[in-house]
Amino acid sequence: MAPAEVVPWAVRSRQLPLTSMALAENETCAVQSVACPSQAWRLKTVRQARQGEARPGGARRGLDGGSRADDPRTSCHVTRKMAVFPWHSRNRNYKAEFASCRLEAVPLEFGDYHPLKPITVTESKTKKVTRKGSTSSTSSSSSSSMVDPLSSVLDGTDPLSMFAATADPAALTAAADSSRKKRDRDDNSVVGSDFEPWANKRGEILARYTTTEKLSINLFMGSEKGRAGTAAFAMSEKVRTRLEELDDFEEGSQKELLNLTQQDYVNRIEELNQSLKDAWASDQKVKALKIVIQLLPNNDIWKETHRADESCFCITDHFSPENANDTAKETCLNWFFKIASIRELIPRFYVEASILKCNKFLSKTGISECLPRLTCMIRGIGDPLVSVYARAYLCRVGMEVAPHLKESLNKNFFDFLLTFKQIHGDTVQNQLVVQGVDLPSYLPLYPPAMDWIFQCISYHAPEALLTEMMERCKKLGNNALLLNSVMSAFRAEFIATRSMDFIGMIKECDESGFPKHLLFRSLGLNLALADPPESDRLQILNEAWKVITKLKNPQDYINCAEVWVEYTCKHFTKREVNTVLADVIKHMTPDRAFEDSYPQLQLIIKKVIAYFHDFSVLFSVEKFLPFLDMFQKESVRVEVCKCIMEAFIKHQQEPTKDPVILNALLHVCKTMHDSVNALTLEDEKRMLSYLINGFIKMVSFGRDFEQQLSFYVESRSMFCNLEPVLVQLIHSVNRLAMETRKVMKGNHSRKTAAFVRACVAYCFITIPSLTGIFTRLNLYLHSGQVALANQCLSQADAFFKAAISLIPEVPKMINIEGKMRPSESFLLEFLCNFFSTLLIVPDHPEHGVLFLVRELLNVIQDYTWEDNSDEKIRIYTCVLHLLSAMSQETYLYHIDKVDSNDSLYGGDSKFLAENNKLCETVMAQILEHLKTLAKDEALKRQSSLGLSFFNSILAHGDLRNNKLNQLSVNLWHLAQRHGCADTRTMVKTLEYIKKRSKQPDMTHLTELALRLPLQTRT
Amino acid sequence: MGTALDIKIKRANKVYHAGEVLSGVVVISSKDSVQHQGVSLTMEGTVNLQLSAKSVGVFEAFYNSVKPIQIINSTIEMVKPGKFPSGKTEIPFEFPLHVKGNKVLYETYHGVFVNIQPQKGKLTPSPVDFTITPETLQNVKERALLPKFLIRGHLNSTNCVITQPLTGELVVESSEAAIRSVELQLVRVETCGCAEGYARDATEIQNIQIADGDVCRGLSVPIYMVFPRLFTCPTLETTNFKVEFEVNIVVLLHPDHLITENFPLKLCRT
């Protein structure tokens, strides 16, 4: 138990004389003399014989309440001159009523059938159980011993499922049919949904190759060089003139294109693309073709593919299948002739490839003839980079149009292998020198296209082909590039089973060509997807990491390490993971290299979390927390913390008290909490609160309640800015108090009583720091109930008083999910709930009879209600119900070990008189309101309110009293007076009265029923 | 007065052979009804010699002696005098294609000079292998300055069907200089003449690039060229004129060498 918690409570209790029970018991009168400010708030004259004050605390809640019957507060300004109707509550015998409502209980003998009883019949045959059960239950009971009869009844014999079963075949066959068709289609098209479409790939490629400015420029040069071998600086010049030509061509405006950035260039291309489409649409097809031809030699490679794609789109669009008659064939042929006469090889290739699909208009075998021809045609493209992209494009079109023609794909691949040596040939080298591009930055331009080609080929390819491809790759010198593409395109399982071979090959690669770390990265990616043979695993990791750890450039290093962390986590224990993390920290710390690699570091964390579900193990990885320290940018750090907490909430099954976990996660939560500031979005706050709450809920110290409370105290100081967390803490503490009560079976010892009070105190001082008014109200009420249940009477009083004094602050409109709503209905709901609790709250010896109810009534009276709403009267009606319930000899419910007013006053007549007086006041208010309604155009409201009041009297009032009887008759008339009442309701009500009158003690209702006429429709 | 007349021929590719029937419709559309004196349709086929700007003088000698030769002429009366109703009127027609007298119907062809040729030819495949080295070249001024190279290849046939592409392959076995481009140049050679003399005119009608940049050594590059429909016709030799075709394989080397190898072609239609 945190001592800090007790002190403020003690201090507080002296400031407000909320005399805690503990104090009251020990130093009975010490505090009682202090005037209670909240009490004095409305007392006009405190003229009260406080006899009770002198009494010792034990007996303080006696019958003395009766002496306050003439308390002036009863005649507080609520009363008016109106005719006063006395209230007489009906005496209720709750037990009897309850019994009469309930179904008759039938004693159950052993062996009798009961649907909720597990059937334990083992000797059913010999014993011959007699019961009225249905046939189905008989069969089920004899079938098995421990099967839930409900489920066994449903099993098979259920007519609905039977019906479903018989009705199904048709549907089933249909479904099977369609699925078969689908499969057929899939088989036909060869390409399943698991084939990664080019569109995805393109996005990736463009993203990857434009991330760093330098790379994109290189790419640019690389592609341009492939075209004409112009010097790098001349590139933009060339593009400019070309674009100007095009501008002239289109009679468009000329643009200053001297300082062309890549983005501008891309935009410009897009523009041209648009004009191409327009030209096509406006029937200037030849012009469109010209644009394509002019454009093609100009563009960087991906754009080119894209462009070709567009023209393909246009042309195939034109030759939609319904045109497939002779005319279309003729038109098509015309186009083919036009295209075949394009002088330049590359544009001709791209356009031909793009209209490959149209070949089907000419002949059935068109595509299968054309594809190999185009494959050969690429051989004429001298520049290896350009040709590889041409191949990639052809593969792409081929996969789209005729995926079954695998041979041409393979041919493409082998052709590529044949030309592979060109990359290291003189021509390319010379050009690289001219452009000032070095080999390591030139080579990475290849993989996107190569990956694509490899992927197309290896898709659903037999193992033998893959092996052959690999063997042929092996034979070529400096095959790092090939290896890389093999690893990124082939099936992961294929790679994984040969990991050791691959490591060997990677080692043999020439470092000067393709960077090795990229190779290891590709290998790592495969190993994350598929498992290598058990025996090789450690060796693979060792070999790979040996290379990775030697990487100097932090970017290269982290890109590689990030991939391998997954493999490590998947197959090894925390020891290895720890080593890896330590290595990452070592590499990334110098010169704050981690600042540039947050995404990768984040990925590492995510992977580690994904594989370590046991957080005690996770946090025992020594380097995990130091690793977290590398996230120094706040937004990133909070993201990481969120990930961790999400994983924790998802995977932690058991409540924990592991100090390692608690410490670490508290730290994590604290980080999240501290990121909250004035600018934090609501959503973000909610998310963080949800995560922190999830953590708090998972912390349990078992029977060590004091430890638990001190944890909550600590949490409160840590997470004070997040309201939902505070709410959660209050609920948790309340639960803790109730848990304590349960453990003590309701009898608190001195120690547990003190502990429970500390819990209550915790709530009491935490609630005011919240902002949501209804949150506070409900928490006050809830905590008050908890305090009451734990016999902390004065604390409960304090909660209720606090709630009452808060009510005037309730605004008229409250914000609910971003919308302003009137608060009255919420207030009504809360108050009804409150009244139910007030029934059992015992009066305080020093305050007047029913002081809480009175105070509450005053507050309700003063609250500014909506002008034309009846909420106030509805509340008064509820108060009437409450007061009726309070005047009963025995209350409807009690709290264990708490004496409510029924046993305190024992039905004392003065208490009852006081109670009745209050009732009268309230009734007067209701009648007054009904009267005001008559004046306005509010007759409908008057009618319904009148009827509801009538119902209240009927339910709670003693109608043997003449005055009350008369009032009810008047109300009945009032409800019907202006024809606003619903006739059906009135009839039902009357029927109910008649039915009630047949019960014993209710005979007087017969007479009443006679006095209630039903208004006819006329 | 807004009356439009159009002749539509049924066959989409508009190619007809002797003995076949040419059919179509005449479409007359007008807003109002039209009075007319009858509609008749005349089909006429002529061979005409036109004078090229290049060969002024050479031809004048025999130009006047060769008058346009009419090879086909037939007229049918379609509608008797009367009135067309407003709207669209379609009148179908059919012509049998019969050559006048003992003349042969040649294929239509637009060239520098007009030409015609018999319908059928015989095709025997005649593959050609070739090797190009500095030594095989003619017309070289300083053979010593040439870089060394060896280009091999073959054409599947120099006798070609006009609707089928010219195919073959070419291998750059070795080359000291980087190759800039390899192109196929289709050349038409027209010869016109009579006893007094003749004029020969060679025109490039199509140029197709088959290799761009420094191609891989030892890897065969396909030779593939579709004959343009409008500018080619079967090879033709008549007494008065000749139309022949040739293909040049043009290799451009860095920095500035142009190597050409010439192959005469024989085109025919099967």
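Residues numbered from 1 in each chain as written. Chains lettered and ligands numbered in written order. Predicted model: local features only at pLDDT ≥ 70, side-chain atom pairs only at ≥ 80, totals over all residues. Heavy atoms only, no water.

By the naming in an unreviewed UniProt entry, chain A goes by VPS35 endosomal protein-sorting factor-like and is assigned to Aotus nancymaae. For the record of chain A, the UniProt heading Sequence similarities (unreviewed entry) holds the text "Belongs to the VPS35L family." UniProt's Subcellular location (unreviewed entry) comment on chain A is quoted here verbatim: "Endosome". (UniProt positions renumbered as here; feature names shortened; annotations may be inferred.)

Bringing the overall build of chain A into the picture now. When helices and strands are tallied, chain A shows 52 helices and two strands. In chain A, which comprises 1018 residues, the proportion classed as buried is 51%. When the accessible surface of chain A is split by element, carbon and sulfur atoms take 55% of a total near 48,400 Å². (Helix = DSSP H or I, 4+ residues; strand = E, 2+ residues; numbered from the N terminus. Buried < 20%, exposed > 50% of the residue type's maximum accessible area, 1.4 Å probe, protein only. Areas by Shrake-Rupley, 256 points an atom, 1.4 Å probe, with all protein chains shown as cover.)

Moving on, we come to a nonpolar patch on the surface. Residues B:Leu5, B:Ile7 and B:Ile9 make up a contiguous nonpolar surface patch of roughly 280 Å² in combined accessible area. Checked against the element boundaries, B:Ile9 lands in strand E1 (residues 4-9). (Patch = residues over 30% accessible without salt bridge, like charges linked within 9 Å, V, L, I, M, F, W, Y side chains within 5 Å. Salt bridge = Lys/Arg side-chain N within 4 Å of Asp/Glu carboxyl O.)

The subject of this paragraph is the state of the cysteines. Per the counting criterion, the structure on display carries zero disulfides over all chains. No disulfide involves A:Cys456; its sulfur sits 5.1 Å from the nearest other cysteine sulfur, which is in A:Cys395. With no disulfide of its own, B:Cys268 lies closest to B:Cys160 among cysteine sulfurs, the gap being 8.2 Å. You can call B:Cys268 buried: its relative accessible area is 9%. (Disulfide = S-S within 2.5 Å.)

All names here are of chain A. Running from amino to carboxyl end, helix H17 (residues 345-354) crosses helix H19 (residues 366-378) at an angle of 155°, the nearest separation of the two axes being 11 Å. As the angle between them shows, H17 and H19 are arranged roughly antiparallel. Taken as a pair, H17 and H19 cross one another with a handedness that is left-handed. Contacts between H17 and H19 pair Leu345, Arg348, Phe349, Glu352 and Ala353 from the former with Arg373, Leu374, Met377 and Ile378 from the latter. (Axes fitted to C-alpha atoms, helices over the stretch in contact; angles between N-to-C directions. Parallel < 35°, antiparallel > 145°, perpendicular 65-115°, else oblique. Left-handed = near helix turned anticlockwise from the far one by under 90°. Contact = heavy atoms within 4.5 Å.)

A:Tyr442, A:Trp564, A:Val584, A:Leu601, A:Ile644 and A:Phe695 are the most contacted members of the largest nonpolar core, which has 264 residues in total. When residues in this core are grouped by element, the largest group, 12 residues, is from helix H20 (residues 384-401) of chain A. Setting aside anything within four residues of it in sequence, one finds A:Phe695 in contact with A:Met645, A:Phe648, A:Leu662, A:Leu665, A:Leu666, A:Cys669 and A:Phe711. Ranked by size, the runner-up nonpolar core spans 40 residues in total, among them B:Ile132, B:Leu166, B:Phe241 and B:Val243. (Core = buried A, V, L, I, M, F, W, Y, C linked by side-chain atoms within 4.5 Å.)

Spanning 17 residues, helix H41 (residues 750-766) of chain A covers 24 Å between terminal C-alpha atoms, matching the ideal 24 Å at 1.5 Å per step. Burial runs high along H41(A): 13 of the 17 residues are buried. (Expected span 1.5 Å × (residues − 1).)

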